[in-house]
Amino acid sequence: MLQISRTKPKSNLIPVTEAYNYCRTITAEYAKTFYLGTLLMPKEKRKAIWAIYAWCRNTDELVDGAKAQYTTEDTLAEWERQLESTFAGLPSEDADVALADTVKRYPMDIQPFRDMIAGQQMDLYRNRYQTFEELKLYCYRVAGTVGLMSNAVLGINQGNSGVPWEKNTQPYNPEKEAVALGIAMQLTNILRDVGEDATRGRIYLPLDDLAAFDYTEKDLLAGVNDDRWKAIMRFQIKRARAYYQQAEKGISYLIRDSHLPVWTSLMLYQGILDAIEHNNYDVFNKRAFVKKPIKIASLPIAWLRAQVL
Ligand SMILES: CC(C)=CCC/C(C)=C/CC/C(C)=C/CC/C(C)=C/[C@@H]1[C@@H](COP(=O)(O)OP(=O)(O)O)[C@]1(C)CC/C=C(\C)CC/C=C(\C)CCC=C(C)C
Ligand SMILES: [Mn+2]
């Protein structure tokens, strides 16, 4: 994890193969769904996504993890300097060794990484969102950015129709759709974790949305699951599904070998919304998750979609 002062000389860093393996362990431990998605990718892409995952996870841990109370603006500024150095080919810690290799193999913009740090910074000083626009910015920063980082690895389809009228057209880069998938996933996270976040005094759902259904912050913090709450949840789930739908339209613009992992991750994550409905919107006492048989049943559907869509 983050080393504020560089205690380990750079020559002490692990070799790149071990660094990727370390990132793989982090992904497998923290994110079963994404890990499964990466197993459906070609080996090189898979390794790169593990490196990105580990960096994102370590960034999130700075504000959410066991030592989060020691994180300040300065910590994040130092983390950003460390990121810049990694992009310049000078990793400071073991996971960065893999990321430095990844950004060399798959040239990518540093800005989404910076934006993610800015998103995590929001968690330092903010625990309420008045409007959806405000929440959307947070979701872009902590999750939409991951779509942009991932696209650089997943690859854009260069078009293979070979027809003369498409000869001079630029391939479409589905950035908007990648961001939409990140936002959809983060909205899903937020809906699943309403109860857990409330115990930490956090409300991510826009206060305007609560007010529109005559439901108060106090109701939410007390876990009131009545008709007003169910209506709010139906509204939020519909909004999240609209983002998933937008994301789906972008998948065919990615290189073919990326279709199945993205369809699989999308469908499994979206399944959490179905689980919330199944739990009768009780996100206060039950953690919604996708059961194994449903996960298994999703795989052939994802495969079919990856072939035909
Ligand atoms: C065209 C098109 C559709 C392309 C696909 C692009 C794509 C793969 C988009 C997906 C983007 C994605 C995986 C977003 C992750 C969203 C997420 C889960 C964000 C989490 C934020 C904070 O949440 P919170 O603190 O509330 O949650 P915890 O309780 O702490 O979990 C994050 C934790 C921010 C950090 C994000 C990650 C650790 C996830 C990074 C994931 C990857 C790099 C995997 C990408 C996977 C595949 C299969 C490509
Ligand atoms: Mn977190």
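- Looking at an unreviewed UniProt entry, the protein chain carries the name 15-cis-phytoene synthase, with the source organism given as Hyella patelloides LEGE 07179.
- Turning to the protein chain, the UniProt record has this under Catalytic activity (unreviewed entry): "2 (2E,6E,10E)-geranylgeranyl diphosphate = 15-cis-phytoene + 2 diphosphate".

### Examining the site of ligand 1
No. 1: Ligand 1 sits among 32 residues. The nearest are Arg57, Asp60, Asp64, Val142 and Ser265.
No. 2: Interatomic distance of 3.3 Å between a side-chain N/O atom of arginine 57 and an oxygen atom of ligand 1.
No. 3: Contacts to ligand 1 include aspartate 64, whose side-chain N or O atom sits 2.8 Å from an oxygen atom.
No. 4: For ligand 1, whose free accessible area comes to 1,000 Å², the fraction covered by protein is 93%.
No. 5: Of all the elements in the fold, those that place two or more residues in the shell around ligand 1 are helix H3 (43–64), helix H6 (111–125), helix H7 (132–154), helix H8 (175–192) and helix H13 (259–278).
No. 6: Partitioning the shell around ligand 1 into residue classes produces 19 nonpolar, nine polar and four charged.
No. 7: Three or more residues apiece are contributed to the shell around ligand 1 by two domains, here domain 1 (13–108) and domain 2 (126–155 + 173–309).

### Let's talk about the side chain of asparagine 189
No. 1: Take asparagine 189: it is sitting in helix H8.
No. 2: The exposure class assigned to asparagine 189 is buried, which follows from its relative accessible area of 17%.
No. 3: In this structure the side chain of asparagine 189 is engaged in a polar contact, spanning 3.0 Å, whose partner is the side chain of tyrosine 269.

### Quick word on the packing of helix H4 (residues 73–87) against H6
No. 1: Between H4 and H6, the least distance of the axes is 11 Å, while the angle of their chain directions is 170°. With respect to H6, the axis of H4 lies roughly antiparallel. Packed against H4, whose contacting residues are Glu73, Leu76, Trp79, Glu80, Leu83, Glu84 and Phe87, the element H6 presents Phe113, Arg114, Ile117, Gln121, Leu124 and Tyr125 at the interface.
No. 2: Residues belonging to the contact of H4 with H6 are distributed by class as follows: eight nonpolar, one polar and four charged.

### Examining helix H5 (residues 94–105)
No. 1: In this model, H5 (12 residues) spans 18 Å end to end at C-alpha, consistent with the 16 Å of a helix rising 1.5 Å per residue.
No. 2: H5 sits mainly inside the fold: 10 of its 12 residues count as buried.
No. 3: Looking at the packing, one finds that the buried side of H5 touches helix H1 (16–30), H3, H4 and H6.

### Points about the domain arrangement of the protein chain
Interfaces are frequently sized by the accessible area removed from exposure as the parts join.
No. 1: Here the protein chain is partitioned into domain 1 (13–108) and domain 2 (126–155 + 173–309).
No. 2: When each unit is reduced to the centre of its C-alpha atoms, the spacing between domain 1 and domain 2 is 23 Å.
No. 3: Each partner contributes to the interface: domain 1 provides 17 residues, whereas domain 2 provides 19 residues.
No. 4: Together, the buried faces of domain 1 and domain 2 total about 1,500 Å²; carbon and sulfur atoms form 76% of this surface.
No. 5: When the buried surface of domain 1 facing domain 2 is broken down by residue, Thr33, Leu40 and Lys45 rank first, second and third, together holding 33% of it.

### Quick word on the packing of H3 against H4
No. 1: As a packed pair, H3 and H4 sit with axes 11 Å apart at the nearest point and diverge in direction by 165°. In this view, H3 runs roughly antiparallel relative to H4, as classed from their interaxial angle. Pair H3 / H4 crosses with right-handed handedness. Between H3, through Trp55, Asn58, Thr59 and Leu62, and H4, the contact on the second element is made entirely by Thr75, Leu76, Trp79 and Leu83.
No. 2: Its residues assigned to classes, the contact of H3 with H4 comprises five nonpolar, three polar and no charged.

Conventions used here
- Residues numbered from 1 in each chain as written.
- Chains lettered and ligands numbered in written order.
- Predicted model: local features only at pLDDT ≥ 70, side-chain atom pairs only at ≥ 80, totals over all residues.
- Heavy atoms only, no water.
- UniProt positions renumbered as here; feature names shortened; annotations may be inferred.
- Near = heavy atom within 4 Å.
- Polar contact = N/O pair within 3.5 Å; in protein donor to acceptor, adjacent residues only side chain to side chain.
- Areas by Shrake-Rupley, 256 points an atom, 1.4 Å probe, with all protein chains shown as cover.
- Helix = DSSP H or I, 4+ residues; strand = E, 2+ residues; numbered from the N terminus.
- Nonpolar A, V, L, I, M, F, W, Y, C, P; charged D, E, K, R; others polar.
- Domains from an automatic or database assignment.
- Buried < 20%, exposed > 50% of the residue type's maximum accessible area, 1.4 Å probe, protein only.
- Axes fitted to C-alpha atoms, helices over the stretch in contact; angles between N-to-C directions.
- Parallel < 35°, antiparallel > 145°, perpendicular 65-115°, else oblique.
- Contact = heavy atoms within 4.5 Å.
- Expected span 1.5 Å × (residues − 1).
- Buried area = accessible area lost by both parts, 1.4 Å probe.
- Left-handed = near helix turned anticlockwise from the far one by under 90°.

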